[in-house]
Amino acid sequence: MKKLFLLDAMALIYRAHFAFIRSPRINSKGVNTSAVFGFTNSLLDILNNEKPTHIGIVYDTDTPTFRHEEFESYKANRQSRPEDITIAIPHIYQLADAFRIPNVFVDGFEADDVIGTLAKRAAREGFEVFMMTPDKDYGQLVEEHIFQYKPSLAGKPAETLGVKEICDRWGIENPDQVRDILGLMGDAVDNIPGVPGVGEKTAQKLIQEFGSLENLLANTDKVKGKLRDNLETFKDQAIQSKRLATIHIECPCEFDEHKLIIEEIDRDKIIELFDELEFRQLKSRLLGIETPKNQPADTHNASTDARASISHTDLFSVMSGESLPAASSGEQSVDNTAFLTIDEVPHTYHFCNTPSQHADLLDTLRKASSYAFDTETSSLDPITADMVGFSISVAAGEAWYVPIPQDRTEAAAILDPFREIFADPAREMIGQNAKFDIEVLKQYGYQVNNSIFDTMLAHYLYEPEKRHGMDILARTYLNYAPVSIETLIGKKGKGQITMADIDPAKISDYACEDADVTFQLKDVLLPMLRDVGAEQLLRTVECPLIDVLADMEMAGIRLDVDALKIISTELARDLEELEARVYDLAGIKFNINSPSQMGEILFVKLELDPKAKKTSKTKKFATGEDVLSLLAEKHPIARAILDYRSLQKLKSTYVDSLPLLISPRTGRIHTTYNQAVAATGRLSSTDPNLQNIPIRTERGREIRKAFIPADKDHVILSADYSQIELRLIAEISQEENMLQAFNDGIDIHTATAARMYKIPVTEVSSEMRRRAKTVNFGIIYGISAFGLAQRLGIPRTEASNLIKQYNEQYPRILLYLKEQVIYAREHGFVQTLLGRRRYLRDINSANQTQRGFAERNAINAPIQGSAADMIKLAMIAVHTEMKKRNMKSKMILQVHDELVFDAFIPELLELETMVKEKMCSALPGLKIPIEVETGHGANWLEAH
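First things first, this report covers the structure right here in the doc. Note that this is a predicted model, so its numbers are computed, not measured.

### Topic: the nonpolar core
Judged by nonpolar contacts, the single largest core of 188 residues is most densely connected at Phe707 and Tyr721. Each residue touching Phe707, except ones within four places of it in the same chain, is listed here: Ile557, Arg558, Leu559, Leu658, Ile669, Leu690, Ile693, Ile716, Asn939 and Trp940. Core analysis: the second largest hydrophobic core is formed by 51 residues, Phe109, Val195, Ile247 and Leu260 among them.

So, in structure tokens, the structure goes:
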């Protein structure tokens, strides 16, 4: 059987690019390779699984088509092509050339016209033709030997659509009727107008009844009401729309099957392209070769390999049984074949296991002002882990591994002599995620007073949106692939062991390598930090914060399990009542947890929205929070469902889950704070995530009741910055009217409302204040009139007027917003008051959506990032002062702009006063008054 695949290049390129939009693949040169990577995976997928005999890749050209000549506004609303796609297209050409697949272009015609023409001609020549595209328009071309092939996406398998599938999809008798439906409903993407008021469902019903657009327009007397009027008024527009939506199958292009036949791939060109793009894993899997260890990853001498070329038949055997990297998983794991390894690099690693060897290592450390340190443990939980050993390096290529026995007394005998090293403030400890190692040492009774240089945090400041693991950094900056831990403990699963189960001598090289690599990474990363002005931020904020977070994590917080049980019971009762109310409003019982069934109830049975959208992935009605929120004004069932989901999430995520996270060793819960996750500089927390406990609802706030002090001699103290982001935007912009309100102690939302509505402060109503508050915070996040209208439930014209009044009253803020965007466009980043950078690669994009997202970040990042820097400095100052005063109280939580303490009652007044002072003065030199609100009580809710 002759089997032809015709690929709709631009549709597949766009699809691949946006599949990675949340986590783009950026190589070491800063090039976004997402589109090429995704396209390559799709190509290999069909070559491997579908085994075509013939193939071609068809492109649009920039030349206007006959559609543009007939209808000037055709595709006029389309946004400019993202620059990353423009950059990717030449690489796709190279890819096709390397695979010896013809690139097909016909000026004046679109890719679907060319594919339609070739498909029809190939089918007449005995081919089974597969048009590879996600575009719905291609359904009109499907016939007995022509199929639409929709590639797999996000775990959903590929689909082959024949006549039956297309007819079932549209509810029609033959695929040619797709043109009639498209002519009626139009196409917003291509700016094809269609008939006003006719959507997909109406178009389907009309074509089912009348068979064709022409027959419908000849029998409009059989249609009633407004629909008839529109059909008659826009008759010519409908006919033109069908013509525009019709794929032209008589393009001036030759069908030469010999040019489309599968040929041997050009191995050298593939190597050259994949090396340039840094597709190391794909190169290894596809070609079955290894890059010489002594060559950089981007060079390869193809003549040294006897396999000068490889046929597609060989390709299938190479790929057989191996799944390609998932196209939606972001940055992939990288094979080690392109990097140096421990076997090639000269090194001196010492297994340090006797008292005399320990003494020699100690003498070496006394002479070194800086050392890299890493622990090996029995677990990744520092609260419960036992130390298995530690490694140290003081020079590139040399390291020591000291095994530690499980018996704590024996362990202390080995560790105690090193206490002087850990305690010396004049010495520097270099670590990769040093917080973990510092917590392990704390658990064993050792305080690290060294200055810290954390390579993970250094890279986070340099490239905040990339990954910061040691293996990635070693490959990227040292061209070196460290030994995988799985070579020691096995792959994840039931058979995996721990480091404690392994002979210490077998751990030695692995552990020494970690310390050695970490030591070398510091030398690479430090000059990079200096180049971007981030060294001071690392040394004065991020690294000093490590000890603060380590103490907080180890302290943990006590949980009132009985209180959570009561809340759980109450929530279960509330959920039952809500469920019954939903069924009553629906008039039928259904699975309330099934979005599919819920969509049928809302949009088919209750007909709440005739234009309800379906998800692109499941083709089911969308029932997300945004959809239900809009429906809540139309029908009470939507609000009831929202309440049900909210309480269900509260119960499962927090109320029932928190008790399961109590440490058996301490009887407390211990969250983990992450410094290198949020690009804004904010801390995040995991296991459990205490940053997201909802506080806007009564039930959400009740969860805070369960967070209680250590004992009867302690209370919970909360200290919270008041409107810190608004104060900072007033400070940075030097907006006099806002500064005046803060300096006069007037509530800023009331003051804003008074200015916007031009009335005295005393006449501001609660509704006016609510609107002003929404505008105040919305401006920071670049809110539009449309967004404000949605949030406030007011007409867009009124929302637009509110923003206009705001800008008139606070002109310096408007100027600041414009200046930030201009600065970002010129420099490619914005920064906080302390110089923390947020890079904005799409700030100059011609694509409006991507550029708009970057512009909003340009406005918000300096404000949110400065607030994050400020509370970090406050935490360091408070922690330092608490230690200086030898306080029994402990800082136990940080949640956005709030610090929470387990306060020893005799110290309460002293602690509260000191915390306020340190938080208010954390960022020196501010003109704006900083306010901190405090409270204390028997639980977190009472304190807050």
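Anyway, onward from the coordinates.
### A short note on the sheet that holds strand S3 (residues 103-104)
The strand order S3-S2-S1-S4-S5-S6 describes an open sheet built from six strands, whose pairing is mixed. Pairing within the sheet leaves two strands with one partner each, and these edge strands are S3 and strand S6 (159-161). Relative to strand S5 (residues 146-150), strand S4 (residues 127-132) is paired through four bridges, and the arrangement is parallel. In the strand pairing of S5, Met132 is matched with Tyr149.

### Structural notes on unusual backbone geometry
Both trends apply: most residues other than glycine have a negative phi, and most peptide bonds are in trans. Here the bond from Asp687 into Pro688 is cis, since omega is 0 degrees, no more than 30 degrees from zero. We note that Asp687 has phi near 50 degrees; this positive angle belongs to a residue other than glycine. Summarising the element assignment, Asp687 is placed in the loop between strand S15 (684-686) and helix H29 (698-702). Classification of Asp687 by relative accessible area gives exposed; the value is 58%. Of note, Gln734 is a non-glycine position whose phi angle comes to about 55 degrees, a positive value. Within the element layout of this structure, Gln734 appears in the loop between helix H30 (724-733) and helix H31 (736-743).

### Details of the pairing of strand S9 (residues 387-395)
Summarising burial for S9: eight of the nine residues are buried, a large majority. In this sheet, strand S10 (residues 398-403) lies alongside S9 in antiparallel orientation, the contact comprising five bridges. When the bridges of S10 are listed, Ile392 appears paired with Trp400. Linking S9 to S10, which pair antiparallel, is a turn of two residues; within it Gly397 sits at a positive phi near 90 degrees.

### Observations concerning the pattern of salt bridges
As enumerated under the stated definition, the model contains 55 salt bridges in all. Arg121 serves as the salt-bridge partner of Glu250, at 3.8 Å between the closest nitrogen and oxygen. Note that Glu250 is positioned in the loop between helix H11 (235-245) and helix H12 (257-260) and Arg121 in helix H5 (residues 111-124), a separation of 129 residues in sequence. Among the salt bridges present, the one from Arg704 reaches Glu898, with a minimum N-O distance of 3.4 Å. With Arg704 in the loop between H29 and strand S16 (707-708) and Glu898 in strand S21 (residues 898-904), this residue pair connects regions lying 194 residues apart in the sequence.

### Side note on the packing of aromatic side chains
Applying the stated criterion to the full structure yields 22 aromatic pairs. Both rings, one in Tyr93 and one in Phe105, keep their centres 5.6 Å apart while their planes meet at 80 degrees; by these two values the pair is edge-to-face. Taken as a pair, Tyr93 in helix H4 (residues 83-98) and Phe105 in the loop between S3 and H5 lie far apart in primary sequence, 12 residues in all. Taking the relative accessible area as the measure of exposure, Tyr93 reaches 32% and is therefore partly exposed.

### Section: the packing of H31 against helix H32 (residues 748-757)
Pairs of packed helices are described in terms of their axes, by the angle between the two and the distance that separates them. One way to put it is that H31 packs onto H32 with a least axis distance of 9 Å and a crossing angle of 135 degrees. The orientation of H31 with respect to H32, classified from their angle, is oblique. Judged by the sense of rotation from one axis to the other, the crossing of H31 with H32 is right-handed. When H31 is examined against H32, the residues Asn737, Met738, Ala741 and Phe742 are found in contact with a partner set consisting of Ile748, Ala751 and Arg755. Taken together, the residues of the contact of H31 with H32 sort by class into five nonpolar, one polar and one charged.

### Let's talk about the side chain of Arg838
With respect to the helices and strands, the residue Arg838 is situated in strand S19 (residues 837-839). At 3.0 Å, the side chain of Arg838 forms a polar contact with the side chain of Glu465.

### Focus: helix H36 (residues 811-827)
Between its terminal C-alpha atoms H36 stretches 24 Å, which fits the 24 Å expected from 17 residues at 1.5 Å a residue. Of the positions making up H36, those classed as buried are Ile813, Tyr816, Leu817, Gln820, Val821 and Ala824. Angularly, the buried residues of H36 cover 130 degrees about the axis, an arc narrow enough to put them on a single face. Check the buried side of H36 and you find it contacts H30, H31, helix H33 (766-780), helix H35 (796-809), strand S18 (829-831) and helix H37 (848-884). Looking one or two residues beyond H36, the residue adopting positive phi is Gly828, at roughly 85 degrees.

### Observations concerning the packing of H36 against H37
Running from N to C, H36 and H37 point in directions that differ by 110 degrees, and their axes come no closer than 9 Å. Judged by the angle between their axes, H36 and H37 are roughly perpendicular. The residues of H37 that touch H36, namely those facing Tyr816, Leu817, Gln820, Val821, Ala824 and Arg825, are Glu855, Ala858, Ile859, Pro862 and Ile863. Broken down by class, the residue content of the contact of H36 with H37 amounts to eight nonpolar, one polar and two charged.

Thresholds, definitions, all that
Residues numbered from 1 in each chain as written. Predicted model: local features only at pLDDT ≥ 70, side-chain atom pairs only at ≥ 80, totals over all residues. Heavy atoms only, no water. Core = buried A, V, L, I, M, F, W, Y, C linked by side-chain atoms within 4.5 Å. Buried < 20%, exposed > 50% of the residue type's maximum accessible area, 1.4 Å probe, protein only. Contact = heavy atoms within 4.5 Å. Pairing = 2+ DSSP bridges. Helix = DSSP H or I, 4+ residues; strand = E, 2+ residues; numbered from the N terminus. Salt bridge = Lys/Arg side-chain N within 4 Å of Asp/Glu carboxyl O. Phe/Tyr/Trp six-rings, centres within 6.5 Å; stacked < 30°, edge-to-face > 60°. Axes fitted to C-alpha atoms, helices over the stretch in contact; angles between N-to-C directions. Parallel < 35°, antiparallel > 145°, perpendicular 65-115°, else oblique. Left-handed = near helix turned anticlockwise from the far one by under 90°. Nonpolar A, V, L, I, M, F, W, Y, C, P; charged D, E, K, R; others polar. Polar contact = N/O pair within 3.5 Å; in protein donor to acceptor, adjacent residues only side chain to side chain. Expected span 1.5 Å × (residues − 1). Arc of directions from axis to C-beta.

By themselves, these are just geometric observations and shouldn't be taken as functional.
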